[in-house]
There are 6 protein chains.
Amino acid sequence: MTFESRPSGRAVDALRKLTLTRNYTKHAEGSVLIECGDTKVICTASVEEKVPGFMKGEGRGWLTAEYGMLPRSTHTRMDREAAKGKQSGRTQEIQRLIGRSLRAAFDLDALGERTLKLDCDVIQADGGTRTASITGAMVAAYDALSKLVAKGALPAVPLKHFVAAISVGVYQDMPVLDLDYVEDSGCDTDMNVVMTDAGGFIEVQGTAEGAAFDRERMNRLLDLAQAGIADLITLQKQALGLA
Amino acid sequence: MTFESRPSGRAVDALRKLTLTRNYTKHAEGSVLIECGDTKVICTASVEEKVPGFMKGEGRGWLTAEYGMLPRSTHTRMDREAAKGKQSGRTQEIQRLIGRSLRAAFDLDALGERTLKLDCDVIQADGGTRTASITGAMVAAYDALSKLVAKGALPAVPLKHFVAAISVGVYQDMPVLDLDYVEDSGCDTDMNVVMTDAGGFIEVQGTAEGAAFDRERMNRLLDLAQAGIADLITLQKQALGLA
Amino acid sequence: MTFESRPSGRAVDALRKLTLTRNYTKHAEGSVLIECGDTKVICTASVEEKVPGFMKGEGRGWLTAEYGMLPRSTHTRMDREAAKGKQSGRTQEIQRLIGRSLRAAFDLDALGERTLKLDCDVIQADGGTRTASITGAMVAAYDALSKLVAKGALPAVPLKHFVAAISVGVYQDMPVLDLDYVEDSGCDTDMNVVMTDAGGFIEVQGTAEGAAFDRERMNRLLDLAQAGIADLITLQKQALGLA
Amino acid sequence: MTFESRPSGRAVDALRKLTLTRNYTKHAEGSVLIECGDTKVICTASVEEKVPGFMKGEGRGWLTAEYGMLPRSTHTRMDREAAKGKQSGRTQEIQRLIGRSLRAAFDLDALGERTLKLDCDVIQADGGTRTASITGAMVAAYDALSKLVAKGALPAVPLKHFVAAISVGVYQDMPVLDLDYVEDSGCDTDMNVVMTDAGGFIEVQGTAEGAAFDRERMNRLLDLAQAGIADLITLQKQALGLA
Amino acid sequence: MTFESRPSGRAVDALRKLTLTRNYTKHAEGSVLIECGDTKVICTASVEEKVPGFMKGEGRGWLTAEYGMLPRSTHTRMDREAAKGKQSGRTQEIQRLIGRSLRAAFDLDALGERTLKLDCDVIQADGGTRTASITGAMVAAYDALSKLVAKGALPAVPLKHFVAAISVGVYQDMPVLDLDYVEDSGCDTDMNVVMTDAGGFIEVQGTAEGAAFDRERMNRLLDLAQAGIADLITLQKQALGLA
Amino acid sequence: MTFESRPSGRAVDALRKLTLTRNYTKHAEGSVLIECGDTKVICTASVEEKVPGFMKGEGRGWLTAEYGMLPRSTHTRMDREAAKGKQSGRTQEIQRLIGRSLRAAFDLDALGERTLKLDCDVIQADGGTRTASITGAMVAAYDALSKLVAKGALPAVPLKHFVAAISVGVYQDMPVLDLDYVEDSGCDTDMNVVMTDAGGFIEVQGTAEGAAFDRERMNRLLDLAQAGIADLITLQKQALGLA
């Protein structure tokens, strides 16, 4: 199939409209609603004053993430994982990815014996929920750590890098940035990329759904992701009043 | 302890501010955000064109409900039920209550072989999440059924009664309407009441947390609930453009 | 349908024959077989010399309850919950109710760091198993605590109130006391009431299975329950040699 | 340790007092309370008019068994398997043994497409619960099948053999019949034997808990079991009015 | 059916070819591949420097066993137990048997506060996997304990007896030793026997699959097992360089 | 840390010694032992003459994969997933990866309504178990499909591409091919790559464990992987007698 245009009319290298609403719910230390087009995820960061048993007494902190989708965040209703009694392989894969990505953002050794728990709950899905979760959780985590600084529990936010994530893919034989659901369902190659504000890669996960992809194609996809993530990180910093 | 005033300053018979936002998410046939003060619940109604196995071939419909809380909807983070691999007794009790209450609202025999699935997910909790779920799910279910009417699948919404729910309780020895979290934590008696727009009771669940309560006290609590629910049903109908 | 007579021929305000057999099994500190007509439940009370982790070191006691039905206690065989690997929502709801009711009967602060575990196992079901469980467990718990007094571990049974429970309902448009299975299957409204010997309410759980019920009807049901429970508590005290 | 006498004062080859109460509960097609001394088990037999999927359409019947212990049937309270969410290895081993033993008693090919479900629930344990379950379930199953004959669904009870079971063991270096709990806890060798009324073995399960046992000892144990089971089968037939 | 010859052509009292390969994998303290004809089991013994909670501080050791089959170790693929989320009753029965058998081989009181964990994983099944597991695990356990001796953690291997296991059965009305899969599927009686090098019985588990068996038959089966196990123990000792 | 040499002494672009043993076990349609240095995985391919429910009647085939590790395949013993009652997130991630990779190798539409089940069970782990599983499963799947061809069930093996997988990573700041356990534990970046014999990418999964990696580094890693996979595919074809 030859590419004519994206279903949304966006340019091949255009992000969807991004909104970051801080303090979205009132109990969590950090709470962000991230909207990437029609994808909406509530990201909360909770500080617990303890670490898992295997780290006790070492003076270092930990960060862990969980991910979920409301049953009707999707086109047709999904079964509720709590009712089924287990999380799917997909859910576990995603929450492991979010955790690894955010552990790269902070210097957990400087956090003290605390655990930062990130919860990313999708309330409306339109493609890219895992990358939106990472981008939103970054802001929620920053807010939660800033509160620890504000109350004197930490000298500074132990930031290593800002991190953000985006998907890229090949839609109708054309590399495009930030796939929405329609594109994602029909694409040949799907790649999720997590990068730092210094331009380093944290994660690259590319999958050929249909035809295998070659090096040249891969390079083009990475170019798109790199540019998109730079924009996302600017938006994160603006939302936090840091830029 | 002698009652002086409610922590919120509300009158003893005053509801919290109620907001009903219809079409809150885009995929579900009915989708409502209900806000009762700081309690916020997303209620979606999904129509499935089948019934459970034991009802197959009987031509009648079914309605079922599920309930969940985001891990950080509460003051301190709760474990995610999907991660623990089971729903708590409290969760199951609540979703059974929501299901029974809404089955009283509609004539399911007239629904055809369809199942209405109601999902009530608490995104912020400040007391009264189960009663807010019922009140919000009523509107979401009405919307979902209206869509079936609009596309010609049903001649009319098979409504029996509007139903709504509220909590009442005894705070500092004073019967009060619509307990928030602070009142709920400290109250002696807690009662959840579900009623129809005809003033009939669907459910009454009263529990003495501390001292047992007498008949007179019970009568006063039921009076408060009856008045509160009448107001809630007016608000439901207004939200739906029916009043 | 117009009421003519109850299937059992009982008066509308008549309890079924109640038998309480103490020391029914030999190992438990308290062990009671309660028979309410054809409903038979073995209620045991076990004393454990520890409390749940979250209460350790506070010097106070705890009480918890579990409920089960033998697979063929019912008309058609139910699946065994241990084989299915989980307790149903109904089971969890009932055991939470039994626990709350019995915690209202005793001053657990005076129990020391002990847990009273109540097991209510239905060996034959004919309606009213949850209320029979509460009424029987009261006697088993009293026996278990009396043994602690007898061996000098407690100065006195830390009794706050005797509690007992009964169901009431609307059968063929007539409020009746103590529903058996035939009545329960066909009734419109079903209410379980737990009260103390001082006439206070501990729990009221009323459900309209068919038509909603009005205040007057509710008052009549509470009158029936109140009288029935007074009789049950007299029988409990007689069984224990206290009256 | 040298043997002087059994804790119960019984002769080495004496069974405990056995009582078989038929129609113990009212719903099951067969329902027997078996009491072997202080061991008490409710055995019910339920007839279901279907077979497992893999046997459908073959015209043959099936028989399966389940086993459970009430939490306080034992000296110290055991955790409830339904609450733990799984049956122990011991429970599964026992219910597989009961099933195999009873499948040897009946000609299931002559049962039609029906399943006989045997439930053995221990209400008081004092050693020998698995063998009591088999002996009691035999009578319950016979009763259930007799009811099918009585209502014309079967021409005759499809009996192959009566089966019964007993434990034997080595207590203080002395082979004894029908171990009670005190003997069982202290014995070196424990053997459960299931036999037919024709004197054939169905199951022999011997375990050396302490010292290994030799052939001579094994022969003595089998002699004891053979005589004990002959007596048990006589008692089964008397209970059923067949002898 | 009259016996003519065994499918394999073996004599009625002939074992299959046995191979014991020590140090089969490199990480475990003891690791043995046992091959009994076409049955192949990897048996590893792992030493852990701790005991279960209930034994802590008593200075004694513990031994436990687990058993599994690779999904395609069998003629048709079995579901993976890890994917199903539970071990079958058969698996649990077998691993309990292996544990009991090997606990009889060693003086665990002399092991110190250590746990020996035996894993028996069937990579190819052709009958007799549980008895092969016991025979192979004996060698793996001996190797693991020898390593503790070699590094000075124990003065000597705390051996009580060598143990080995074999199956016997009645195939076409003929008692035979060491059943392979074809014989096992068609046999009437199946018996697993575990014995020590002193000729004592540790376990005897005989089951009549079809017709019940008599004492004479049982005696013949035990004779076959006794001779076979003596040969197996010689092979174990040769493999370990002890004979 | 400056790179001096690999722990194994291998060149930075050298694979470990690879052995592929076909027909390793006798029951499976395809059965391969793959050894990559000290990593050993049994890969079996089973053909089932049915497809999952959602594909029934469409005439197309399916392929799915499962992965497991023997408890003592690792340096210290891991808990058995079947005993814990669930597969870890890591296991699920790996088996999803194997499935996706092998579905890219074959034209499943041409397979008919059959499912190819691939089981990859690690018997000894020394790094790279997931990539070895993919490389070995390719050969096992090819063998299983060749058997279908041999018996006339398929006209030809429905091959799209040969696929193989390898890990690459950054060890002591040096990009290296085919990490063993020692390198894997200490490396900064770890990337698993799956490619076809046409040089196309099927999967790229790169993770920065420590420092983020830049584009140049990524390119070098992909170069190493590309060369290594070409060699692996040659070895696969040789093992199958196709080259």
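Not measured: the values here are computed from a predicted model.

**Some thoughts on the confidence of the model for chain A**
Close inspection of predicted coordinates is inappropriate for parts of the model with low pLDDT. Confidence in the prediction of chain A, expressed as mean pLDDT, is 96, and 100% of residues score 70 or more. In the predicted complex, the global pTM is 0.94; the interface-specific ipTM is 0.95.

**Re the interface of chain B and chain A**
Listed by partner, the interface residues are 37 residues for chain B and 37 residues for chain A. Buried area between chain B and chain A, both sides added, is near 3,000 Å², and the carbon and sulfur share of it is 46%. Area buried by chain B at its contact with chain A is led by H27(B), R72(B) and R77(B), which between them contribute 25% of it. Its salt-bridge partner being R77(B), residue D119(A) comes within 2.6 Å of it at the nearest N-O pair. At the surface where chain B touches chain A, the tally comes to 23 residue pairs in polar contact (both at pLDDT 80 or more).

**Some remarks on the UniProt feature "binding site: phosphate" (unreviewed entry) in chain A**
Look at the UniProt record and you will see "binding site: phosphate" (unreviewed entry) annotated at R90(A), G128(A), T129(A) and R130(A). A maximum C-alpha distance of 13.4 Å places the annotated residues, which cover 41 residues in sequence, within one compact spot. Residue placement: R90(A) occurs in helix 2 (residues 89–103). Residues in contact with R90(A), not counting those within four places in the same chain, are Y67(A), M69(A), T129(A), R130(A) and R96(F). Within the secondary structure, T129(A) is located in helix 3 (residues 129–150). Look at T129(A) and you get buried, because its relative accessible area is 6%. Setting aside chain neighbours within four positions, we find T129(A) in contact with T39(A), V41(A), Y67(A), R90(A) and V122(A). A polar contact is formed between the side chain of T129(A) and the side chain of Y67(A), at a distance of 2.6 Å.

**Topic: the side chain of S101(B)**
All names here are of chain B. Secondary-structure assignment places S101 in helix 2 (residues 89–103). On the basis of relative accessible area, S101 is assigned to the buried category, the value being 0%. Ignoring anything within four residues of it in the chain, the contact list for S101 reads I134, V163, V194, I202 and E203.

**Quick notes on the sheet that holds strand 9 (residues 201–208) of chain C**
A sheet is described by the order of its strands in space; here 8 strands give the open sequence 7(B)-6(B)-8(B)-9(B)-9(C)-8(C)-6(C)-7(C), paired in antiparallel fashion. Two strands in the sheet have a free side with no partner beyond their single neighbour: strand 7 (174–177) of chain B together with strand 7 (174–177) of chain C. Going across the sheet, the axis of each strand differs from the next one's by a mean of 15°, ignoring polarity. Alignment of strand 8 (residues 189–196) of chain C against strand 9 of chain C, held across 7 bridges, turns out to be antiparallel. By the bridge assignment, V193(C) is partnered in strand 9 of chain C with V204(C). Against the sheet, helix 5 (residues 215–239) of chain B contacts strand 6 (163–171), strand 7, strand 8 (189–196) and strand 9 (201–208) of chain B together with strand 9 of chain C, and its axis sits at roughly 145° relative to strand 6 of chain B.

**Details of the packing of helix 2 (residues 89–103) of chain F against helix 3 (residues 129–150) of chain F**
Residues and elements named next belong to chain F. Between helix 2 and helix 3, the shortest axis-to-axis distance is 10 Å and the interhelical angle comes to 35°. In this structure, helix 2 crosses over helix 3, and the sense of that crossing is right-handed. Judged by residue contacts, R90, I94, L97, I98, S101 and L102 of helix 2 engage T129, R130, S133, I134, A137 and M138 from helix 3. A breakdown of the residues in the contact of helix 2 with helix 3 according to their chemical character gives 7 nonpolar, 3 polar and 2 charged.

**Some words on the sheet that holds strand 4 (residues 62–69) of chain C**
Residue and element names in this part refer to chain C. Here we have 5 strands laid out as an open sheet, ordered 1-2-3-5-4, and mixed in their pairing. In the strand order of this sheet, the two ends are held by strand 1 (18–22) and strand 4, each with one partner. Here the strands of the sheet are splayed against their neighbours by 15° on average, with no regard to which way each runs. As defined by bridge partners, strand 4 adjoins strand 5 (residues 115–124) across 8 bridges and the pair is classed as parallel.

**Observations concerning the pairing of strand 9 (residues 201–208) of chain F**
Successive side chains on a regular strand alternate, one facing one side of the sheet and the next facing the other. Counting buried positions along strand 9 of chain F gives 8 out of 8 residues, so the element sits mostly inside the fold. As judged from the 5 bridges shared by strand 9 (residues 201–208) of chain A and strand 9 of chain F, these two strands associate in the antiparallel manner. Across the sheet, Q205(A) pairs through a bridge with Q205(F), a residue of strand 9 of chain F. If you look at the hairpin formed by strand 8 (residues 189–196) of chain F and strand 9 of chain F, you'll find 4 residues sitting between the two strands, and G199(F) has a positive phi there, around 85°.

Analysis parameters
Residues numbered from 1 in each chain as written. Chains lettered and ligands numbered in written order. Predicted model: local features only at pLDDT ≥ 70, side-chain atom pairs only at ≥ 80, totals over all residues. Heavy atoms only, no water. pLDDT = per-residue confidence, 0-100. Contact = heavy atoms within 4.5 Å. Buried area = accessible area lost by both parts, 1.4 Å probe. Salt bridge = Lys/Arg side-chain N within 4 Å of Asp/Glu carboxyl O. Polar contact = N/O pair within 3.5 Å; in protein donor to acceptor, adjacent residues only side chain to side chain. UniProt positions renumbered as here; feature names shortened; annotations may be inferred. Helix = DSSP H or I, 4+ residues; strand = E, 2+ residues; numbered from the N terminus. Buried < 20%, exposed > 50% of the residue type's maximum accessible area, 1.4 Å probe, protein only. Pairing = 2+ DSSP bridges. Axes fitted to C-alpha atoms, helices over the stretch in contact; angles between N-to-C directions. Left-handed = near helix turned anticlockwise from the far one by under 90°. Nonpolar A, V, L, I, M, F, W, Y, C, P; charged D, E, K, R; others polar.

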